[in-house]
Amino acid sequence: MHRFPANLLDGYRNFMTGRYSEQQQRYKVLAETGQSPQTLIVACCDSRAAPETIFDCGPGELFVVRNVANMVPPYEPDGQYHSTSAALEFAVQALQVSNIVVMGHGRCGGIKAALDPEAEPLSEGDFIGRWMSLLKPAAEQIASNSILTAAERQRALERVSIRNSIANLRTFPYIRDREQAGTLSVHGAWFDISTGELWIMNGETGDFTRPGM
Ligand SMILES: [Zn+2]
């Protein structure tokens, strides 16, 4: 049967009678004046880690890029298709966001696959394998650490990956320049889907701690 998913239609009806009608004016202003979000967030595609939900953000507040395992690739102006880099370029150069947040999350399937040397490609193209190879050196080091349990290795790589992505962000010349000029700041965060805890990365040490509530 070729039918639009019923739960989406139900949700849309709720949205129109609820949030949209409450914030109609805001949507109208955004439509006329354009968006000017202050924050770009790089999050995972995982259905349990939606940034707008976690940060309780309304329309126009967050510019969101989602990809498998919330990774930022290094700056590679090589004429290939770079969807995440295109989003970064637009957010920084056109929207001039003042914050970039890389948000990882617990039980990330992409990170789990990166730690599993036996993981079989899901298709011939092995797009996930190729994408996750961005983390290969870190994944190999962590995977061979037998002192840690599997869950600890997973959490470690989820956090190392955030630091890795932040290092890659700084390979983009316009991000590095704006950060040095003090007009852009870069942050890391990690969301625990099982408890709802949010952990924030300390920019100097790279350690993750919970914010005061
Ligand atoms: Zn994930």
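Residues numbered from 1 in each chain as written. Predicted model: local features only at pLDDT ≥ 70, side-chain atom pairs only at ≥ 80, totals over all residues.

- The protein chain is annotated in an unreviewed UniProt entry as Carbonic anhydrase of Xaviernesmea rhizosphaerae.
- According to its UniProt record, the protein chain has this under Function (unreviewed entry): "Reversible hydration of carbon dioxide."
- As recorded by UniProt, the Sequence similarities (unreviewed entry) comment attached to the protein chain reads in full: "Belongs to the beta-class carbonic anhydrase family." (UniProt positions renumbered as here; feature names shortened; annotations may be inferred.)

**Overview of the UniProt feature "binding site: Zn(2+)" (unreviewed entry) in the protein chain**
Part 1: Look at the UniProt record and you will see "binding site: Zn(2+)" (unreviewed entry) annotated at Cys44, Asp46, His105 and Cys108. Spanning 65 residues, the annotated positions come together in the fold, the maximum distance between their C-alpha atoms being 8.8 Å.
Part 2: Note that Cys44 resides in strand S1 (residues 39-44).
Part 3: The exposure class assigned to Cys44 is buried, which follows from the 24 C-beta atoms found within 10 Å.
Part 4: Residue placement: Cys108 occurs in the loop between strand S3 (99-105) and helix H5 (109-115).
Part 5: Setting aside its immediate chain neighbours within four residues, Cys108 contacts Cys44, Asp46, Ala69 and Glu158. (Helix = DSSP H or I, 4+ residues; strand = E, 2+ residues; numbered from the N terminus. Buried ≥ 20, exposed ≤ 12 C-beta atoms within 10 Å, placed from the backbone. Contact = placed C-beta atoms within 7 Å.)

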